[in-house]
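# Per-entry structural report
Okay, here's what each chain looks like letter by letter:
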Amino acid sequence: MENLHLFGVGVGLGLIVIGAGIGIGRLAAGAAEGIARQPEASDKITAAVNLPLFLLEGVAILGEVFALLIVLMK
Amino acid sequence: MIASGEQTHDSSVMDQVGDNIIHHVSNSSLDHPLIHLPHVFGIDLSVTKHVFMLWIVAIVVACAVIIPIQKYLQKNKPVPSGWMNLLEMVVKFVRDSIVQPNIGSKYTEMWAPMILTFFFFILFANGIGLIPIFDLLGALNRFIFQVPASDDHNIINALLHGGVTATGNFNVTAALAVITFFAILIAGTRAHGFINHWKNLAPPGLPWPVYLILIPIEIIGMFVKPFALTMRLAANMTGGHIAILAILSFMAIFAEMFNSAITGMGVALFSVPLATAISGLEIIVVLVQAYVFTLLSAVFIGMAINVHH
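The text that follows walks through the structure, step by step, so that each part is easy to find. Fair warning: this is a prediction, and the values are worked out from it, not measured in the lab.

Of regular secondary structure, chain B possesses 10 helices and 2 strands. Helices (α) and strands (β) of chain B occur, in sequence order from the N terminus, as α-β-β-α-α-α-α-α-α-α-α-α. Its C-alpha atoms give chain B principal-axis dimensions of about 70 × 60 × 45 Å. Per-residue burial over chain B gives 41% buried out of 309 residues.

What follows is the structure, encoded as structure tokens:
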């Protein structure tokens with residue numbers, strides 16, 4: 001039972017990947033759709049997608065850091 | 001891999017792999033500093049691997065960016081050529097698509113130098129982390145010059161302790177983020193005055209219960225911004241290296257699990273190409289993270305200057 005924290009980290013990492021994957025996937029899908037409808041606005045769409053994409057990535061990375069901390073520090 | 005792979009023979013491979021990976025991404029411990037320096041105010045000033053890498057990055061940035069630009073500016077007819085073409089392209093990209101849209105034309109000239117410094121420093125620090133120069137030197141040292149791994153006075157053996165990516169250290173990125181933190185304060189103060197900058201934290205004209213919630217959130221947000229910058233850069237740079245090392249360690253893990261060297265070689269057929277592919281991905285991550293850090297710094301500075309009500 002003392003290794004239960006490893007189980008939690010494994011599940012948590014999976015949840016992080018699911019969440020980040022859904023988020024980034026939706027962003028990319030929205031951007032691709034927008035560019036397909038209006039190719040001339042692709043610069044603006046890319047700029048608008050960039051910032052939430054990086055903020056989302058930051059949250060996922062934070063989750064991974066804390067998962068790593070749980071493993072290292074128990 | 002070479003330096004620490006043979007440390008202990010009595011424990012199993014599984015126990016060594018985790019330590020080995022952490023050893024290769026973290027800073028060298030204070031037991032193995034490159035240069036011993038005394039304590040000042042309780043802080044050990046010994047030069048560790050990451051400090052040494054910061055010096056190397058500083059030298060590389062000076063040779064590759066600062067000196068060519070100074071030479072170029074001294075010329076009478078400034079027509080860029082060769083390396084300077086690339087530099088001009090990068091500088092123009094950072095100024096026109098990171099600083100100018102986010103900070104605004106009025107303050108572009110003021111903040112572009114700082115953002116450019118961030119960009120080049122992070123880009124070179126990340127990039128140097130991808131070059132396994134010290135592992136190569138360690139292999140030469142061990143197998144050609146026959147220096148034993150236990151000899152800590154040998155400078156190359158001392159350099160093998162710790163990782164090479166200085167931006168993979170949370171202290172380095174925290175220092176960069178602290179610069180951004182003060183840059184946000186200075187930008188807001190320069191644009192609106194000291195009092196107005198703090199008033200801008202919360203929009204005026206709301207009922208007072210809203211402020212009870214809003215003001216603490218804004219104050220927390222002030223500190224969360226640099227904290228997120230710190231974590232994002234360091235974790236990204238550490239994460240890629242951990243992934244590569246873990247995939248390479250599969251060889252040793254599987255060889256021990258099935259107790260045969262052939263299994264290890266079979267796994268190598270899968271893990272070496274995968275590690276190569278992740279190294280390719282790391283090149284993109286290196287570029288993207290330098291871009292992200294500078295972009296977010298510019299966005300945060302711009303948020304302090306162009307306040308939306």
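What follows picks up the thread again.
Within chain A one finds 2 helices and 0 strands. In terms of overall dimensions, chain A has C-alpha extents of about 60 × 15 × 10 Å along its principal axes. Summing over all exposed atoms, chain A offers an accessible surface of approximately 5100 Å²; the carbon and sulfur share of this is 72%. Each charge class in chain A was averaged separately, 4 positive and 6 negative side chains, and the resulting centres sit 6 Å apart.

Next up on the list: the interface of chain A and chain B. By a widespread convention, an interface's size corresponds to the accessible area lost as its parts come together. Facing the 11 residues of chain A at the interface are 15 residues of chain B. Taking both sides of the interface into account, the surface hidden between chain A and chain B amounts to around 1000 Å²; carbon and sulfur atoms contribute 81%. In terms of surface lost to chain B, no three residues of chain A exceed Leu51(A), Phe54(A) and Ile61(A), which account for 41% of the buried area on that side. At the surface where chain A touches chain B, the tally comes to 1 salt bridge. Across the salt bridge formed by Glu57(A) and Arg232(B), the nearest N and O atoms sit 3.7 Å from each other. The interface formed by chain A and chain B contains 4 residue pairs in polar contact (both at pLDDT 80 or more).

This part is about the packing of aromatic side chains. Each aromatic ring pair is specified by the distance between its two centres and by the angle formed by the two planes. In the structure shown here, the tally under the stated rule is 9 aromatic pairs over all chains. Aromatic pair Phe181(B) and Phe223(B): ring centres 5.4 Å apart, planes at 25°, arrangement stacked. On the criterion of sequence distance, the pair formed by Phe181(B) in helix H7 (residues 170-192) and Phe223(B) in helix H9 (residues 208-257) is long-range, its members being 42 residues apart. Here Phe223(B) falls in the partly exposed class, since its relative accessible area comes to 48%. Seen in terms of ring centroids, Phe194(B) and Trp198(B) are 6.4 Å apart; in terms of plane orientation they differ by 65°. Their pairing is edge-to-face. Remark: Trp198(B) and Phe194(B) occur in helix H8 (residues 194-199); sequence separation between them is 4 residues, near one turn of the helix. Given the relative accessible area of 35%, Trp198(B) is considered partly exposed. Counting every residue linked through ring pairs, the aromatic cluster contains Phe54(A), Phe93(B) and Tyr291(B).

All names here are of chain B. By size, the foremost hydrophobic cluster in this structure holds 56 residues, and its most contacted members are Val-94, Ile-103, Trp-111, Ile-115, Ile-122 and Ile-301. Those elements that place two or more of their residues in this core are helix H2 (49-74), helix H3 (83-103), helix H4 (108-129), helix H6 (155-159), H7, H9 and helix H10 (261-305). It is H4 that contributes the most residues to this core, 14 residues altogether. Those residues within four positions of Ile-103 in sequence are excluded, and the remaining contacts are Trp-111, Ala-298, Ile-301, Gly-302, Ile-305 and Asn-306. Ile-21, Ile-242, Leu-245 and Ile-253 belong to the second largest nonpolar core, which has 6 residues in total.

A word on a nonpolar patch on the surface. All names here are of chain B. Taken together, Leu-130, Ile-131, Ile-133, Leu-137, Leu-140, Phe-143, Ile-144, Phe-145, Ile-283 and Leu-287 make up a surface patch of nonpolar side chains, about 960 Å² in accessible area. Among the secondary structure elements, those contributing two or more residues to the nonpolar patch are helix H5 (133-143) and H10. Top contributing element to the nonpolar patch by residue count: H5, with 4 residues. Inspection of the secondary structure assignment puts Leu-137 in helix H5.

Our focus in this paragraph is unusual backbone geometry. As a rule of thumb, non-glycine residues mostly have phi less than zero, and peptide bonds are mostly trans rather than cis. Notably, Asn259(B) is not glycine yet its phi reads approximately 55°, a positive angle. The exposed category is assigned to Asn259(B), whose relative accessible area is 69%.

Attention shifts here to the pattern of salt bridges. All names here are of chain B. For the coordinates displayed, the defined rule picks out 3 salt bridges over all chains. Its salt-bridge partner being Lys-92, residue Asp-96 comes within 3.2 Å of it at the nearest N-O pair. Of this pair, Asp-96 and Lys-92 both sit in helix H3, 4 residues apart, which is roughly one turn of the helix. Across the pair Arg-95 and Asp-96 runs a salt bridge, and its minimum N-O distance is 3.1 Å. Each of Lys-92, Arg-95 and Asp-96 takes part in a single network of salt bridges with overlapping partners.

A few words now on the side chain of Glu57(A). Its location among the elements puts Glu57(A) in helix H2 (residues 42-73). Judged by its relative accessible area of 17%, Glu57(A) is buried. Excluding residues that lie within four positions of it along the chain, Glu57(A) makes contacts with Arg232(B), Asn236(B) and Gln289(B).

Angle between the axes and distance between the axes are the two parameters that describe a pair of packed helices. All names here are of chain B. Closest axis-to-axis distance for the H3/H10 pair is 7 Å, and the angle between their directions is 30°. Between H3 and H10, the interaxial angle falls into the category roughly parallel. Considering how the two elements wind past one another, H3 and H10 form a crossing that is right-handed. Note on element contacts: H10 touches H3 through Tyr-291, Thr-294, Leu-295, Ala-298, Val-299, Ile-301, Gly-302 and Ile-305, opposite Phe-93, Ile-98, Asn-102 and Ile-103. By residue class, the composition of the contact of H3 with H10 is 9 nonpolar, 3 polar and no charged.

For the rest of this paragraph, the subject is the packing of H4(B) against H10(B). Residue and element names in this part refer to chain B. For the pair H4 and H10, the least separation of the axes is 8 Å and the interaxial angle reads 155°. When the axes of H4 and H10 are compared, the pair comes out roughly antiparallel. Judged by the sense of rotation from one axis to the other, the crossing of H4 with H10 is right-handed. Here H4 contributes Trp-111, Met-114, Ile-115, Phe-118, Phe-119, Ile-122, Leu-123, Asn-126 and Gly-127 to the contact with H10, which in turn contributes Val-286, Leu-287, Gln-289, Ala-290, Tyr-291, Phe-293, Thr-294, Ser-297, Ala-298, Ile-301 and Ile-305.

The rules behind each value
- Residues numbered from 1 in each chain as written.
- Chains lettered and ligands numbered in written order.
- Predicted model: local features only at pLDDT ≥ 70, side-chain atom pairs only at ≥ 80, totals over all residues.
- Heavy atoms only, no water.
- Helix = DSSP H or I, 4+ residues; strand = E, 2+ residues; numbered from the N terminus.
- Buried < 20%, exposed > 50% of the residue type's maximum accessible area, 1.4 Å probe, protein only.
- Areas by Shrake-Rupley, 256 points an atom, 1.4 Å probe, with all protein chains shown as cover.
- Lys, Arg positive; Asp, Glu negative; His and termini not counted.
- Charge placed at Lys NZ, Arg CZ, Asp CG, Glu CD.
- Contact = heavy atoms within 4.5 Å.
- Buried area = accessible area lost by both parts, 1.4 Å probe.
- Salt bridge = Lys/Arg side-chain N within 4 Å of Asp/Glu carboxyl O.
- Polar contact = N/O pair within 3.5 Å; in protein donor to acceptor, adjacent residues only side chain to side chain.
- Phe/Tyr/Trp six-rings, centres within 6.5 Å; stacked < 30°, edge-to-face > 60°.
- Core = buried A, V, L, I, M, F, W, Y, C linked by side-chain atoms within 4.5 Å.
- Patch = residues over 30% accessible without salt bridge, like charges linked within 9 Å, V, L, I, M, F, W, Y side chains within 5 Å.
- Axes fitted to C-alpha atoms, helices over the stretch in contact; angles between N-to-C directions.
- Parallel < 35°, antiparallel > 145°, perpendicular 65-115°, else oblique.
- Left-handed = near helix turned anticlockwise from the far one by under 90°.
- Nonpolar A, V, L, I, M, F, W, Y, C, P; charged D, E, K, R; others polar.

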